[in-house]
Amino acid sequence: MRVLVVEDEEFLADMIGAGLRRDALAVDVAHDGREALAKLRLGAYDVLVLDRDLPGPHGDEVCRYVVEEGLPTRVLMLTASGTAHDRAAGLGPAADDCLTKPFAYEELLARVLALGRRARPALPPVIERAGVSVDTARNLAVRDGRPLALTRQEFGVLEVLLRAQGAVVSGDDLIEEVWEEHTGYRTNAVRVTLGQLRAKLGDPPVIETVPGAGYRMSDAPGERR
């Protein structure tokens, strides 16, 4: 799940971002409306955590952009006042949910996860192929009954490959789905992570490299390419 946090209080933005990353989400951060719009134009996000009272453009304008562009991104609006009027105003520009400051991180996380599930097509929580499965609800990965201790990136790569159902996934697509914006397309992050993931999955290999195209999960365990 990819999340964009837009909050002009940098300490709060960094705290939210760090918490969501600990909970295995890919997070980008912006501190004003202009930066938020630039990131929304370039990246695909499942959830936008948006402070309403942003410096230029206002949070309402950012939310309106999401709606007018038909983006699938779900919006959680953060407001500074808990009055019924302000909560209604926070939902006015078609935000999907509204959370009043101050808030408990656990509540923010629960709302982000709920909105993220709404942003993506309904899929089974457990995905399996070639004896490998991931349980996205419990963040568990297993091969032939053996639990796998995976990093967030390894789990994310495995989930993307499994969801592709045997189709080839490019390295650029893996970067877009799993990593945050500061990860350049020219880095070796994908190659290194795939090497670590293959080692943890063990033999026989189930992840194939398709020269010039990307990677895919085998229909059944076979020779690594």
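Data block above holds the structure.
Residues numbered from 1 in each chain as written. Predicted model: local features only at pLDDT ≥ 70, side-chain atom pairs only at ≥ 80, totals over all residues. Heavy atoms only, no water.

**Q** Could you clarify how one ought to interpret the pairing of strand 1 (residues 2-6) in this entry?
**A** Side-chain direction in a regular strand flips from residue to residue, so the side chains alternate between the two faces of the sheet. With 5 of 5 residues buried, strand 1 lies mostly within the body of the structure. Here strand 1 shows two buried faces, one formed by R2, L4 and V6 and the other by V3 and V5. Pairing analysis gives 5 bridges linking strand 1 to strand 2 (residues 26-30), with the strands arranged parallel. In the strand pairing of strand 2, V6 is matched with A30. Between the parallel pair strand 1 and strand 2, the chain is carried across by helix 1 (residues 10-22), and the sense of this crossover is right-handed. (Buried < 20%, exposed > 50% of the residue type's maximum accessible area, 1.4 Å probe, protein only. Helix = DSSP H or I, 4+ residues; strand = E, 2+ residues; numbered from the N terminus. Pairing = 2+ DSSP bridges. Right-handed = clockwise from strand over helix to strand, strands pointing away.)

**Q** Would you mind showing me how to read helix 1 here?
**A** Working note: α-helix, 3.6 residues per turn, so residues spaced by three or four point in the same direction. For helix 1, which comprises 13 residues, the first-to-last C-alpha distance of 18 Å matches the rise-based estimate of 18 Å (1.5 Å per residue) to within 8%. Taken as a whole, helix 1 has its buried residues at A13, I16, G17, G19 and L20. Along the long axis of helix 1, the arc covered by the buried residues comes to 165°, so they all point the same way. Exposed side of helix 1, more than 90 degrees from the buried face: F11 and R22 are the residues found there. Taken from the residues just after helix 1, A24 is the one with a positive phi, measuring 70°. (Expected span 1.5 Å × (residues − 1). Arc of directions from axis to C-beta.)

**Q** Can you walk me through a negative patch on the surface in this structure?
**A** Taken together, the side chains of D8, E10, D14 and D53 make up a negatively charged region of the molecular surface. When you line up the elements, D53 lands in the loop between strand 3 (47-51) and helix 3 (59-68). Take D53: its relative accessible area is 45%, and that puts it in the partly exposed class. (Patch = residues over 30% accessible without salt bridge, like charges linked within 9 Å, V, L, I, M, F, W, Y side chains within 5 Å. Areas by Shrake-Rupley, 256 points an atom, 1.4 Å probe, with all protein chains shown as cover. Salt bridge = Lys/Arg side-chain N within 4 Å of Asp/Glu carboxyl O. Lys, Arg positive; Asp, Glu negative; His and termini not counted. Charge placed at Lys NZ, Arg CZ, Asp CG, Glu CD.)

**Q** Would you take a moment to explain the packing of helix 2 (residues 33-42) against helix 3 for this structure?
**A** The angle between the axes and the distance between the axes are what describe a pair of packed helices. At a minimum axis distance of 9 Å, the contact between helix 2 and helix 3 shows a crossing angle of 15°. By the angle class used here, helix 2 and helix 3 are roughly parallel. Once helix 2 is placed against helix 3, the crossing between them reads as right-handed. On helix 3, the residues touching G33, A36, L37, L40 and R41 of helix 2 are V62, Y65 and V66. Per-class residue counts for the contact of helix 2 with helix 3 are 6 nonpolar, 1 polar and 1 charged. (Axes fitted to C-alpha atoms, helices over the stretch in contact; angles between N-to-C directions. Parallel < 35°, antiparallel > 145°, perpendicular 65-115°, else oblique. Left-handed = near helix turned anticlockwise from the far one by under 90°. Contact = heavy atoms within 4.5 Å. Nonpolar A, V, L, I, M, F, W, Y, C, P; charged D, E, K, R; others polar.)

**Q** Sorry, what's going on with the packing of helix 6 (residues 152-163) against helix 7 (residues 171-178) here?
**A** At their nearest, the axes of helix 6 and helix 7 sit 10 Å apart, and the two run at 120° to each other. In terms of orientation, helix 6 lies oblique with respect to helix 7. Between helix 6 and helix 7 the crossing geometry is right-handed. Of the residues in helix 7, those touching helix 6 at R152, Q153, G156, V157 and V160 are L174, E177 and V178. Among the residues making up the contact of helix 6 with helix 7, the classes are represented as 4 nonpolar, 2 polar and 2 charged.

**Q** Mind showing me how you'd approach the sheet that holds strand 4 (residues 74-79) here?
**A** Strand pairing in a sheet relies on backbone hydrogen bonds, with the paired strands running either antiparallel or parallel. One open sheet holds the 5 strands; their spatial order is 2-1-3-4-5, and the pairing between them is parallel. A strand with exactly one partner marks an edge of an open sheet, and here the two such strands are strand 2 and strand 5 (97-100). Each strand axis lies, on average, 20° off the axis of its neighbour in the sheet, ignoring direction. Contacting strand 3 and strand 4, helix 3 crosses the sheet at an angle of about 160° to strand 3.

**Q** How should I be thinking about the pattern of salt bridges in this particular structure?
**A** Close approach of charged atoms allows side chains of opposite charge to pair. If you walk through the whole model with that rule in mind, you get 14 salt bridges. Here E7 and K101 are joined by a salt bridge, their closest N and O atoms 2.8 Å apart. Placement of the pair is E7 in the loop between strand 1 and helix 1 and K101 in the loop between strand 5 and helix 5 (105-119), with a sequence separation of 94 residues. Put simply, D144 and R143 hold a salt bridge, and the shortest N to O gap is 3.7 Å. What you see here is one network of salt bridges that share partners, running through E7, E9, D51 and K101.

**Q** So what exactly am I meant to see when it comes to unusual backbone geometry here?
**A** The residue after G56, namely P57, is reached through a cis peptide bond having omega -15°. Considering the arrangement of structural elements, one finds P57 in the loop between strand 3 and helix 3. Note the cis peptide between D203 and P204, where omega equals -5°. Structurally, P204 can be placed in the loop between helix 8 (189-201) and strand 10 (207-210). The backbone of A130 sits at a positive phi, close to 55°, despite the residue not being glycine. As for its position among the elements, A130 is in the loop between strand 6 (126-129) and strand 7 (132-135). A positive phi angle, near 55°, is found at Q165, a position not held by glycine. Among the secondary structure elements, Q165 is positioned in the loop between helix 6 and helix 7. Residue classification places Q165 among the exposed residues on the basis of a relative accessible area of 64%.

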